[in-house]
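One-letter residues, chain by chain:
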Amino acid sequence: MDNQLALQMRGITKRFGSVLANNHVDLDIYRGEILAVLGENGCGKTTLMNMIAGIYFPDEGQILIDGREVVIRSPKDAFEHGIGMIHQHFKLVDLFTAAENIVLGVHEEGAFSRRDVNARVTAIASKYGFSIDPEKKIYDMSVSEKQTVEIIKVLYRGADILILDEPTAVLTPQEIDRLFQVLRVMKADGKSIVIITHKLNEVLEVSDRVAILRKGEHIATVSTRDTNESELTEMMVGKKVDLDIRRSDPVDAQPRLVVTGLNLYDAEGVHVLKDISFTANGSEILGIAGIAGSGQRELLESIAGLQPLKSGEIIFHNPKKNKPVTFFHKSLRRVEELAGQHAFHDAAGNPVSFAGMKKKDIQKLVNDGQVLFNEDELINLRDKTPLQIRELGVRLSFVPEDRLGMGLVGSMGITDNMMLRSYRKGPHGLLDRKKPKALAERIIEELQVVTPGTQTPVRRLSGGNVQKVLVGREIAFTPKVLMAAYPVRGLDINSSYTIYHLLTRQKETGVAVLFVGEDLDVLLALCDRILVMNSGAVSGIVDARTATKEQLGLMMTRTDRTRKEAV
Amino acid sequence: MTANHTPQVREPLVHLSRRTEFSPLRAWGVRLAALVLGLIVCGLAAFLLIEKLQQNPGRIGDFYYAFIKGSFGTSRKLWKMLKNLSILLCIALALTPAFRMRFWNTGAEGQTLMGVLGAIAVDFYFGGKWPEALLIPVMLLAAIIFGGVWGLIPALFKARFNTNETLFTLMMNYVATFVVSYFLVIWVPSGSSSLAKLKYGKLPSVVNDYFLIILIALLLTIGLYIYLNYSKHGYEISVVGESVRTAQYVGISVPKVILRTMLLSGMLCGLTGFLIGSGLDQTITTESVGGQGFTAIMVAWMGNFNPLMMILTSGLIQILNQGAAQISQDFNVSGALPDVIVGIMLFFVIGCEFFINYQLHFRRAQSKEAVR
């Protein structure tokens, strides 16, 4: 780097109570470069950048700008030194226009002139290749437009060093391309760009240098062109990681869950699911892609019996063909009813009729496994509560997005969380903790959950371990359908791959897996088919082996109008 | 260059962090220390407030002795303390299932008073007409039904309209007081509005008048401990309390659990009302419960919603009350002094929980750590 140094961090240390978030970190930022700060969740990358942006103050160490030591006590100080940060969660006033948000808090001489501001905003936008309407209200904007406002807000204040915290997390591939294009223009203009990220492919695509942090320590800073994915991963994790998901081909995929014409309105009367139809097959992972909030959560919750549907059918195909009927989930009367509808045959293949038989004899015949189904059993899950679904013998597992708020009880230990699904078992009013405890110990061992014990509240465990407990429980239930919403969100690489492998193994045992994901690379590598959702509707189902990221991105974002034009 | 480098923003002098691991033994050590510290401060306060003590500082020993004498001085005092402890404990136990569900029932006062009313109403109308063997069970039944209904009403509104249970149950206390006033006017038309002690419907005396009450409280404690920790109902209560969404996710009917738990809570208050009405007073005033419905909230909280711990916390409050009363008698001071003493003690006992849950970090201590 023969470029000019813009900012130096020397021995920066930051503690939160007993947690050491950054430990003597040294970092240089040059003019006219894109520096990627790479690290796993919780490694201290955002904390480090927050100290340049004036959000936190370092416990130890110095910050030098253009070779002079500075004290940055507030975001205002940071702006005075030409530093601006675009946070992961936007800080915009919804009711204001783009221009109003941009000038908010800037002290300028003279009267506020809307026309002047608009002109300046437009000038900045055209200089770097943004497209923005200064008069548009924030609440009318997409995530990508809001991000543009945030970036221009920082540029308007004259920032030379721009820090972007996970800027691509919520963008589609097309939007990411556009953002990177803009970043390159800014770089050419002499700005210093820092992007905080944990996505390797983006690092390799856009950055000039990569600084790797692990557990609060600065591991290395390398030139992007001299490195590769596996080397970066190794530095990030601290050991070699196998980045191959090892997708297998589906064997004998049969329809397991057939959803037709699902419509759902939320409490405010907003149409959140629009005429959704799809089939999930056994032995297959069906990915569900879409911009966050396109109805993915509502779709899974509808299937799980947690949402009151307006219309539609959810038919579960219970693979019972040529399997014996049992009294496990069916009463004697129900079995007799089904026999009346010619649903059964015997071991020799002849139709079964209970006509003229005594109850005791029927029971014996069924218990001996002599009464077999002719066809798969079809069960409609519409308007059933989660409890009713289970009582019908439908083994449907659901790993919800909100792990501690929905999937688990944070204050309870692993054992008590294992019971959530099964505590009703047993004849009397007292709990049986023996089996859940055995299950807890098995999951701790098999999935290598790091915990002081089965009694430790799961809230105290790390994100990855919490997720292992939840997924472990849902799999222990030997599901026929397994739904998982964002199961790797916030997890480190190792835990993420554990989850991918678990899902793949479930698929290989014949389970129909529904996987809601946000990382398109992962969706394409893990799934067999991908259903793309776009503002509550299905915009298409593609083969994950042949689809591209760009194709998915287009399907995620195109509006009704462009869809019609495309036809 | 470094001359002007004096960062003005520093870590605050003290900052807090939640303790993750703290051995129970050490926690009890802290509690004991708080108790001792509280007693010392009480002694200092006594010097300021009690003239006799200022004139004769040697009597400080008597001051502390009175604390113990109040509850343990005579067997009568001991039984009285155990009786009071039991009534307070019973109300606190009644609140616990609701509190574990994060249903902040502040209506134990009214629910218990309704229990007293149920028992006394049956006694008033049927006392002497029915044999005691029939009268007393019917009094018990009426008390439980009255308390249960009083607990169920706010739960119905919570389950159906999501009303705020804290305000609702609080208001129900006043309604209960007025219902009692109404019946007193009917029963005692003479104008004094105080109902003379009824002759019938007294809980039989086993060993002494208090033993049965204490036994019932003990059985209730054990029963509730098992119910909350080892029964399916208790498990459902914990899940609903922690997260309604989780409860829905696993198919627990949240309204059903709310109604069932508040019915239980109210019924147990009603049972306590029966113990007061039939076991002790055989009469009723609007003050029959005497604020214990509110003290019980503190007992339950201090006991961490654990029935066994609540024996200790209700005991502590009772011993403090009787000790403070003894002091005001022995030193011939009246008025607010007992309240001051109880207040100081509770300040320390409750305050120490903060030091059990949190750790203080001082700036200087920390920079030393950093050097190491």
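For clarity, every value in this text was computed on a predicted model and none was experimentally measured.

Within this structure, the stated rule accounts for 25 aromatic pairs over all chains. Ring geometry for A:Y497 against A:Y500: centres 5.2 Å apart, planes inclined by 80 degrees, an arrangement best described as edge-to-face. Here A:Y500 and A:Y497 lie together in helix α17 (residues 493–508), a separation of 3 residues that amounts to about one turn. The exposure class of A:Y497 is buried, given its relative accessible area of 16%. Aromatic rings pair up to connect B:F124, B:Y125, B:Y182, B:F183 and B:W187 into one cluster. When the ring centre of B:W28 is taken as origin, the NZ or CZ atom of B:R31, which lies over that ring, is 4.6 Å away.

A few words on the side chain of B:S328. Looking at the secondary structure, you find B:S328 in helix α13 (residues 307–330). If we ignore the near neighbours within four places in the chain, the residues touching B:S328 are B:V333 and B:P338.

What follows covers the domain arrangement of chain A. Here chain A is partitioned into domain 1 (5–237), domain 2 (242–317 + 382–395 + 478–567), domain 3 (320–375) and domain 4 (409–477). A C-alpha centroid distance of 37 Å is found between domain 3 of chain A and domain 4 of chain A.

Listed by partner, the interface residues are 46 residues for chain A and 31 residues for chain B. Of all residues in chain A, A:E69, A:M406 and A:Y423 give up the largest surface area on contact with chain B, accounting jointly for 17% of the area buried on that side. Notably, a salt bridge pairs A:E301 with B:R245, separated by 3.1 Å at the nearest N-O pair. At the junction of chain A with chain B, the criterion picks out 23 residue pairs in polar contact (both at pLDDT 80 or more). Mapped onto the side of chain A that touches chain B, the elements with two or more residues apiece are β1 (5–16), α9 (296–303), α12 (386–391), α13 (403–407), α14 (414–418) and α16 (463–476) of chain A. Here the side of chain A that touches chain B takes 4 residues from α13(A), the largest share from any one element.

Okay, α13(B) next. Residue pairs spaced three or four apart in an α-helix point in one direction, given the helix's 3.6 residues per turn. Residue and element names in this part refer to chain B. An ideal rise of 1.5 Å per residue puts 34 Å on 24 residues; α13 measures up with 34 Å between its terminal C-alpha atoms. The opening residue of α13 is N306, an N-cap whose side-chain oxygen sits 3.0 Å from the backbone nitrogen of L308. Where α13 terminates, the next one or two residues include N332, which has phi positive at roughly 55 degrees.

Right, let's get into unusual backbone geometry. The backbone of A:S535 shows a phi angle near 35 degrees, a positive value even though the residue is not glycine. Mapped onto the fold, A:S535 is located in the loop between β21 (529–534) and β22 (537–543). Despite not being glycine, B:V207 shows a phi value in the positive range, around 65 degrees. Here B:V207 falls in the exposed class, since its relative accessible area comes to 68%.

This part covers the side chain of B:K83. Residue and element names in this part refer to chain B. With respect to the helices, strands and loops of the structure, K83 is situated in helix α4 (residues 75–100). No salt bridge is formed by the buried K83. Its closest oppositely charged neighbour is D281, at 7.0 Å. Once you skip the residues sitting within four places of it in the chain, K83 turns out to touch Y210, I214 and L280.

Formed by 228 residues in total, the largest nonpolar core has its most connected members in A:L162, A:M186, A:F278, A:I303, A:I530 and B:I284. When residues of this core are assigned to their parent elements, the largest contribution, 13 residues, is made by α4(B). In this structure B:I284 touches B:L113, B:V116, B:L117, B:I120, B:V180, B:L184, B:W187 and B:L195, once residues within four positions along its chain are discounted. With 28 residues, the next largest nonpolar core counts A:I12, A:I29, A:I72 and A:I161 among its residues.

Residues and elements named next belong to chain A. Taken in spatial order, the 4 strands of this open sheet run β12-β11-β14-β17, and their pairing is antiparallel. Both edges of this open sheet fall to β12 (271–281) and β17 (377–380), since each of them pairs with a single strand only. Each strand axis lies, on average, 15 degrees off the axis of its neighbour in the sheet, ignoring direction. Where strand β11 (residues 255–265) lies against β12, 7 bridges are found, and the strand directions are antiparallel. Paired with Y265 across the two strands is H271, which belongs to β12. Along the sheet, α9 makes contact with β11, β12 and β14 (311–318), crossing β12 at roughly 65 degrees.

Residues and elements named next belong to chain B. Interaxial distance between helix α5 (residues 108–126) and helix α7 (residues 165–187) falls to 8 Å at its minimum, and their mutual angle equals 20 degrees. Viewed along their axes, α5 and α7 adopt a mutual orientation that is roughly parallel. For the crossing formed where α5 meets α7, the hand is left-handed. Residues A108, E109, G110, Q111, L113, M114, L117, I120, A121, F124 and Y125 of α5 pack against T169, N173, A176, T177, V179, V180, F183 and W187 of α7. Residue composition of the contact of α5 with α7, by class: 13 nonpolar, 5 polar and 1 charged.

The tally for this structure, following the rule as stated, stands at 41 salt bridges over all chains. Residues A:K76 and A:E80 are paired through a salt bridge, measuring 3.7 Å at the closest nitrogen-oxygen approach. Of the two residues, A:K76 and A:E80 both sit in helix α2 (residues 75–80), 4 residues apart, roughly one turn of that helix. Each member of the pair A:K76 and A:E80 is classed as exposed. Of the charged contacts in the structure, one is a salt bridge between B:R31 and B:E353, with a shortest N-O distance of 2.7 Å. With a gap of 322 residues between them, B:R31 in helix α1 (residues 24–49) and B:E353 in helix α14 (residues 337–357) connect regions that are remote in the sequence. With relative accessibility at 26%, the residue B:E353 sits in the partly exposed group.

Take the sheet that holds strand β2 (residues 19–30) of chain A next. Strand pairing in a sheet takes place through backbone hydrogen bonds and is either antiparallel or parallel in direction. Residue and element names in this part refer to chain A. The antiparallel open sheet is built from 4 strands, whose spatial order is β2-β1-β4-β5. At either margin of the open sheet sits one strand with a lone partner, and together these are β2 and β5 (68–70). Neighbour-to-neighbour, the strand axes of the sheet open up by a mean angle of 25 degrees, direction not taken into account. Relative to β5, strand β4 (residues 60–65) is paired through 3 bridges, and the arrangement is antiparallel. Pairing of I65 across the sheet is with R68, part of β5.

Quick notes on the rules
Residues numbered from 1 in each chain as written. Chains lettered and ligands numbered in written order. Predicted model: local features only at pLDDT ≥ 70, side-chain atom pairs only at ≥ 80, totals over all residues. Heavy atoms only, no water. Phe/Tyr/Trp six-rings, centres within 6.5 Å; stacked < 30°, edge-to-face > 60°. Helix = DSSP H or I, 4+ residues; strand = E, 2+ residues; numbered from the N terminus. Buried < 20%, exposed > 50% of the residue type's maximum accessible area, 1.4 Å probe, protein only. Lys NZ or Arg CZ within 6 Å of the ring centre and 35° of its normal. Contact = heavy atoms within 4.5 Å. Domains from an automatic or database assignment. Buried area = accessible area lost by both parts, 1.4 Å probe. Salt bridge = Lys/Arg side-chain N within 4 Å of Asp/Glu carboxyl O. Polar contact = N/O pair within 3.5 Å; in protein donor to acceptor, adjacent residues only side chain to side chain. Expected span 1.5 Å × (residues − 1). Lys, Arg positive; Asp, Glu negative; His and termini not counted. Core = buried A, V, L, I, M, F, W, Y, C linked by side-chain atoms within 4.5 Å. Pairing = 2+ DSSP bridges. Axes fitted to C-alpha atoms, helices over the stretch in contact; angles between N-to-C directions. Parallel < 35°, antiparallel > 145°, perpendicular 65-115°, else oblique. Left-handed = near helix turned anticlockwise from the far one by under 90°. Nonpolar A, V, L, I, M, F, W, Y, C, P; charged D, E, K, R; others polar.

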